[in-house]
Amino acid sequence: MTLTYITRVAFGRARPSGGLVTDPEWIGFRNETINPAFPDGFTVIDGRGGWRDAATGETISEPTTILEVAHDGSEEVLRAIRMVAGSYKIIFGQDAVMVSTAAANVEFI
């Protein structure tokens, strides 16, 4: 067992300008941006997220894709995580991308 970190990056699929990031668009982003950033591996989980719109006070629910990466906490990996999240914001016009990191014990059995 190795002490490591798990980072989850939550990519909301609703576009602020309307519509959704489509599956082909997501697959293109994954292939062009995520795959090269994390050659040692990652997991993608489809889900549904919610957040409160500060302007209206309304709780918004949207399809979400979660990227999970186990890593050693190195500056190289942390830069890659920031790059992937920032690229998604720019490419798909997002206001924010949630990134959470926690210490974990990870082993492959």
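In short, a report on the structure. All of these numbers come straight from a predicted model, not from anything done at the bench.

Bringing the layout of surface pockets into the picture now. Counted as a void, the largest pocket has a volume near 400 Å³. Along the wall of the largest pocket there are 19 residues; nearest its centre are Gly 12, Trp 51, Glu 62, Gln 94 and Ala 96. Elements that contribute at least two residues to the lining of the largest pocket include exactly β1 (2-12), β2 (43-52) and β3 (59-71). By residue class, the composition of the lining of the largest pocket is 10 nonpolar, five polar and four charged.

Considering soluble globular proteins, one finds that nonpolar side chains tend to be buried as a cluster. Counting residues in hydrophobic clusters, the biggest one holds 18 residues, and the most contacted among them are Phe 11, Phe 29, Ile 34, Phe 38, Leu 67, Val 84 and Tyr 88. Every element with two or more residues in this core is listed here: β1, α1 (23-37), β3 and α2 (75-92). Looking at this core, the element that brings in the most residues is α2, giving seven residues.

Attention shifts here to the environment of Arg 30. Along the chain, Arg 30 turns up in helix α1. For Arg 30, a relative accessible area of 26% puts it in the partly exposed group. Residues Arg 30 and Glu 75 lie 45 residues apart in sequence; the distance between their C-alpha atoms is 21 Å. Each residue touching Arg 30, except ones within four places of it in the same chain, is listed here: Asn 35, Pro 36 and Phe 42. Within the structure, the side chain of Arg 30 is placed 3.2 Å from the side chain of Asn 31, a separation counted as a polar contact.

What counts as what
- Residues numbered from 1 in each chain as written.
- Predicted model: local features only at pLDDT ≥ 70, side-chain atom pairs only at ≥ 80, totals over all residues.
- Heavy atoms only, no water.
- 1 Å grid on protein atoms, 1.4 Å probe; cavity = no way out; pocket = protein on both sides within 12 Å on 5 of 7 lines; lining within 4 Å.
- Points joined across faces, edges and corners; volume = space filled by probe spheres on them.
- Helix = DSSP H or I, 4+ residues; strand = E, 2+ residues; numbered from the N terminus.
- Nonpolar A, V, L, I, M, F, W, Y, C, P; charged D, E, K, R; others polar.
- Core = buried A, V, L, I, M, F, W, Y, C linked by side-chain atoms within 4.5 Å.
- Buried < 20%, exposed > 50% of the residue type's maximum accessible area, 1.4 Å probe, protein only.
- Contact = heavy atoms within 4.5 Å.
- Polar contact = N/O pair within 3.5 Å; in protein donor to acceptor, adjacent residues only side chain to side chain.

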